Amino acid sequence: MGWSERQVAMLAEMGIRVWSTPEAAAEAASPPPELRAAVVAASPQREAAGAAAPAALGARPLGIDTMGWPELREAVAGCTACKLCSGRTQTVFGVGNERAHWMIVGEAPGEQEDQQGEPFVGKSGQLLDNMLRALGLTRGDAPADQQVYIANTVKCRPPGNRNPEPAELAQCEPFLIRQIALLQPRIILAMGRFAVQSLLRSTEPIGRLRGRVHQYQGVPLVVTYHPAYLLRNPEDKSRAWDDLCLAREALQAHTTA
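All residue numbers refer to positions counted from 1 along the written sequence of the respective chain. Selection of residues for local features in this predicted model requires a pLDDT of at least 70, selection of side-chain atom pairs for listing and counting requires 80 or more, and totals for whole chains, interfaces and linings are taken over all residues. Hydrogens and water are ignored here; the side-chain numbers use all heavy atoms of the structure.

Asks: Kindly report on the overall build of the protein, identifying the contributing residues and their values.
Replies: Helices and strands together make up the secondary structure of the protein, namely 11 helices and six strands. The buried share of the protein, taken over its 257 residues, is 43%. Intrachain contacts of the protein at a sequence separation of at least 6 include 71% that bridge at least 24 residues. Per-residue accessibility takes into account occlusion by the displayed protein chains alone, with areas from the Shrake-Rupley method and a 1.4 Å probe. Element-wise, carbon and sulfur atoms account for 50% of the exposed surface of the protein, whose accessible area totals about 14,100 Å². Under the scheme used here, helices are H or I runs from DSSP no shorter than 4 residues and strands are E runs no shorter than 2 residues, and both carry numbers assigned from the N terminus. Under the scheme applied here, a residue whose accessible area is under 20% of the maximum for its type counts as buried, over 50% as exposed, and between as partly exposed, the area being computed with a 1.4 Å probe on protein chains only. When checking whether two residues touch, look at their non-hydrogen atoms; a contact exists if any pair is within 4.5 Å.

Quick look at the structure:
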């Protein structure tokens, strides 16, 4: 397949290199010596036992389905409806233009998101920003058709960055539903297993759900891999690029329909 200079540049933003010859591709497939020699030792930090008494759990705020943006943000910040409230530094509400055409839904905050109060930071956030830039999009200040709104299915960090539990997802779900209702996006990009489960009510693997346009209450929805997964499995970046292109096409079709 031939690529134009513009396409090559856009793919490069995502870290996808396009090789002009089979020999170059074969050479690139061999990891460089410094990577072959690198040994990464992952040792998750232990949670300090007994450092603080568990927060008393309360009821989920009432009237979520009628709240505006300020009320909803305040309700999330003060929510104590599940045990995740005990270990958070702060809630991670969401970020972006509240009239954005694009909405990205992720999974749960990690340690850096918990510290900064913003979804998708660190290396995952850098990769996401590169992916968005390849489409002419940004999470920074921009018109509504160029800026995205980003939110997670869960607003508090699970301890040790574990997967969110079903009860935790259920308690947070009304907040995400209201964010979508307020935003009224023209396209939703669901990144990762838990975002897909929350929005599509499906337990099918992402590999089976991606590559086609789904619907969420009349809004086109495209499934793709979470950036954290892509960092561990860079060979799937090209598939993620296909998903982004599919989302752009679905948005254009939805806008002109």
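From this point on, the discussion continues.
Asks: An account of helix H4 (residues 69-77) is needed here, citing residue identities and associated values.
Replies: Residues of H4 that are buried: Trp69, Leu72, Ala75 and Val76. Projected down its long axis, H4 shows its buried positions confined to an angular sector of 125 degrees, all on one face. Facing away from the buried surface of H4 by more than 90 degrees, the exposed residues are Pro70 and Glu74. Packing partners of the buried residues in H4 comprise strand S3 (148-152) and helix H7 (166-183). This arc describes the spread of directions from the helix axis toward the C-beta atoms.

Asks: Pulling in residues and values, what's your account of the sheet that holds strand S4 (residues 187-191)?
Replies: DSSP calls a pair of strands paired once it identifies at least 2 bridges connecting them. Pairing is mixed across the open sheet formed by six strands, whose spatial order is S1-S3-S2-S4-S6-S5. The outermost strands of the open sheet, each flanked by one partner alone, are strand S1 (95-96) and strand S5 (213-216). Examined bridge by bridge, S5 and strand S6 (residues 219-224) share four bridges and lie antiparallel to one another. In the strand pairing of S6, Tyr216 is matched with Val219. Across the face of the sheet, helix H8 (residues 193-200) comes into contact with strand S2 (102-106), S4, S5 and S6 while running at roughly 130 degrees to S4. Only the stretch in contact is used when a helix axis is fitted, and all axes are lines through C-alpha atoms; the angle between N-to-C directions ranges over 0 to 180 degrees. Sitting on the sheet, helix H11 (residues 237-256) is in contact with S2, S4, S5 and S6, with an inclination near 175 degrees to S6.

Asks: Can you explain the pairing of S5? Please cite residues and give values.
Replies: Residue alternation in S5 divides its side chains into a buried set, His214 and Tyr216, and an unburied set, Val213 and Gln215. Connecting the antiparallel pair S5 and S6 is a turn made up of two residues, with Gln217 showing a positive phi of about 50 degrees.

Asks: Which residues make up the environment of Thr91, and what values go with them?
Replies: Residue placement: Thr91 occurs in the loop between H4 and S1. By relative accessible area, which is 13% here, Thr91 ends up buried. Every residue in contact with Thr91, bar those within four places of it in the chain, is listed here: Val76, Ala77, Gly117, Lys155 and Cys156.

Asks: An account of the nonpolar core is needed here, citing residue identities and associated values.
Replies: Note on terminology: a nonpolar core comprises buried Ala, Val, Leu, Ile, Met, Phe, Trp, Tyr and Cys residues joined through side-chain atoms within 4.5 Å. Core analysis: the biggest nonpolar cluster contains 63 residues, and Met103, Ile104, Ile188 and Leu199 have the highest contact counts within it. Among the elements that make up this core, the one with the highest residue count is H11 (eight residues). When residues no more than four places from it in sequence are discounted, the contact partners of Ile104 are Phe120, Leu128, Leu132, Val148, Tyr149, Ile150, Ala151, Leu189 and Met191.

Asks: Explain the packing of aromatic side chains to me, and be specific about the residues and the numbers.
Replies: Classification of ring pairs rests on two measures: the distance between centres of Phe, Tyr or Trp rings, Trp counted by its six-membered ring, which must be within 6.5 Å, and the angle between planes, read as stacked under 30 degrees, edge-to-face over 60 and tilted in between. Throughout the structure, instances matching the rule amount to three aromatic pairs. Plain terms: the ring middles of Trp69 and Tyr149 are 5.3 Å apart, the flat faces sit at 45 degrees to each other, and that makes the pair tilted. Taken together, the positions of Trp69 in helix H4 and Tyr149 in strand S3 put the pair 80 residues apart, joining distant regions of the chain. Trp69 sits in the buried class, given a relative accessible area of 13%. Taking 4.8 Å as the distance between ring centres and 20 degrees as the angle between the ring planes, the aromatic pair formed by Tyr225 and Tyr229 counts as stacked. Judged by relative accessible area, which is 26%, Tyr229 ranks as partly exposed. Through a chain of ring-to-ring contacts, three or more aromatic side chains come together here, namely Trp69, Phe93 and Tyr149.

Asks: Let's hear about the side chain of Ser124: which residues, and what values?
Replies: Note that Ser124 resides in helix H6 (residues 122-134). The buried category is assigned to Ser124, whose relative accessible area is 14%. Non-local contacts of Ser124, meaning those with residues more than four positions away in its chain, are made with Pro227, Ala228 and Leu231.

Asks: Before we move on, can you summarise the packing of H7 against H8 with the specific residues and values?
Replies: One can describe the packing of H7 onto H8 by two numbers: an axis separation of 11 Å at closest approach and a directional angle of 75 degrees. Judged by the inter-axis angle, H7 sits roughly perpendicular to H8. Facing H7, whose interface residues are Leu169, Glu173, Leu176 and Ile180, H8 presents Phe194, Ser198 and Leu199. Charged means Asp, Glu, Lys or Arg here, nonpolar means Ala, Val, Leu, Ile, Met, Phe, Trp, Tyr, Cys or Pro, and polar covers whatever is left, Gly included. Here the residues of the contact of H7 with H8 sort into five nonpolar, one polar and one charged. The cut-offs work like this: below 35 degrees is roughly parallel, past 145 is roughly antiparallel, 65 to 115 is roughly perpendicular, and the gaps in between are oblique.

Asks: Now, about the packing of H4 against H7: what can you tell me, with residues and values included?
Replies: Relative to each other, H4 and H7 sit at 165 degrees, their axes nearing to 11 Å. Judged on the interaxial angle alone, H7 and H4 are roughly antiparallel. For H4 against H7, the interelement crossing comes out left-handed. Along the contact surface, H4 presents Trp69, Leu72, Ala75 and Val76, while H7 presents Phe175, Arg178, Gln179, Leu182 and Leu183. Of the residues assigned to the contact of H4 with H7, the class counts are seven nonpolar, one polar and one charged. Take the far helix as your reference; a near helix turned counterclockwise from it by less than a right angle gives a left-handed crossing, and one turned clockwise gives a right-handed crossing.

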